[in-house]
Amino acid sequence: MKVVITGGCSGLGLEFTKYMASLGYTVYALYNKSVDSALMLEQDFDNVLSIKCDIRNEEEVDKVLFNIGDIDILINNAGIAKDNYYKDKSKKEFMSVLETNVVGTFLVTKHALDKINKKGIIINISSNNSLTAYTSLSMDYDASKSGINMLTKDFALVIEEENKDIKIISIAPGWIDTDEVKKMNPVYLREEISRTGQKELIKKELLVKFIIDNINNYKNGEVIEIKNLEV
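Residues numbered from 1 in each chain as written. Predicted model: local features only at pLDDT ≥ 70, side-chain atom pairs only at ≥ 80, totals over all residues. Heavy atoms only, no water.

Undergrad: How would you explain the side chain of Thr178 if you had to name every residue and give the values?
TA: With respect to the helices and strands, Thr178 occurs in the loop between β6 (167-173) and α6 (179-182). Residue classification places Thr178 among the buried residues on the basis of a relative accessible area of 12%. If near-sequence neighbours (up to four positions away) are discounted, Thr178 is found in contact with Gly11 and Leu12. (Helix = DSSP H or I, 4+ residues; strand = E, 2+ residues; numbered from the N terminus. Buried < 20%, exposed > 50% of the residue type's maximum accessible area, 1.4 Å probe, protein only. Contact = heavy atoms within 4.5 Å.)

Written out as structure tokens, the structure reads:
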């Protein structure tokens, strides 16, 4: 069985890649800049193939997915954030976040939709910033994750209209213990965890396992918010 994971060589995507590979799936980990991690993954796992792909480039996306062929699970995980004060946020910066997070997710889903096998699933990684944890410092990020939720609902309608026996869902987690997050200012991070109603950072290993283990319980078009996970 084949799994395609965008941003699959770093952060949460890397955790998805490792977990799905451990389950015996053939994993295609798409990356743009994480070259060293991509090489290490292929050394550590015989069933992982790391592929360079800029998801903002439609020709690249189409070519990569065409070469992969049939897909059982697609995880749209790739995303960026550039948090700062709105008066310091340029149009170029704002658009770069939307282009990666929203347009990239759209392009990958568009070109993968006819390649998803029967009973397959598309998992979009959103954020609870799109629901309850939004902040004025991340207007572009919040807008992009809200956009991902709506793409999920819109593609769910497409799936129903085309009578496809697959489903698409959106996962909206809170703060996760990725390396990037753990490098943040600890005072700010504690304030954010408290503000968003979390007890602690969500352990990425638990989050990935929870999402995959409950894969059959999700409904087409559903947006699932996750703040706390118990061990």
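Undergrad: Go over the packing of helix α1 (residues 11-22) against helix α8 (residues 204-213) with me, naming the residues and quoting the values.
TA: With their axes 9 Å apart at the nearest point, α1 and α8 run at an angle of 55 degrees to one another. As far as their axial angle goes, α8 and α1 are oblique. The element α1 and its partner α8 pack so that their crossing is right-handed. Residue-level inspection shows Leu12, Glu15, Phe16, Tyr19 and Met20 of α1 in contact with α8, the latter providing Lys204, Glu205, Leu207, Val208, Lys209, Ile211, Ile212 and Asp213. (Axes fitted to C-alpha atoms, helices over the stretch in contact; angles between N-to-C directions. Parallel < 35°, antiparallel > 145°, perpendicular 65-115°, else oblique. Left-handed = near helix turned anticlockwise from the far one by under 90°.)

Undergrad: Residues and numbers for the pairing of strand β4 (residues 71-76), please.
TA: Counted residue by residue, β4 has six buried out of six residues, so it is predominantly covered. Of the strand pairs in this sheet, strand β1 (residues 2-6) and β4 are connected by three bridges, and their pairing is parallel. What sits directly across from Ile5, in β4, is Ile75. In terms of strand pairing, β4 meets strand β5 (residues 116-125) through five bridges, oriented parallel. (Pairing = 2+ DSSP bridges.)

Undergrad: Report on the pattern of salt bridges, specifying residues and quantitative values.
TA: If the charged atoms of two oppositely charged side chains come close together, the side chains can form a pair. For the structure shown, the criterion picks out 10 salt bridges. Lys119 is the salt-bridge partner of Asp165, the closest N and O atoms lying 3.3 Å from each other. Residue Asp165 is found in the loop between α5 (139-161) and β6, and its partner Lys119 is found in strand β5; the two are separated by 46 residues along the sequence. By relative accessible area, Asp165 is classed as partly exposed at 35%. For Asp213, the salt bridge is made with Lys209, and the minimal N-O distance between the two is 2.6 Å. With Asp213 and Lys209 both in helix α8 and four residues apart, this pair spans about one turn of that helix. Accessibility expressed as a relative area gives 40% for Lys209, which makes it partly exposed. (Salt bridge = Lys/Arg side-chain N within 4 Å of Asp/Glu carboxyl O.)

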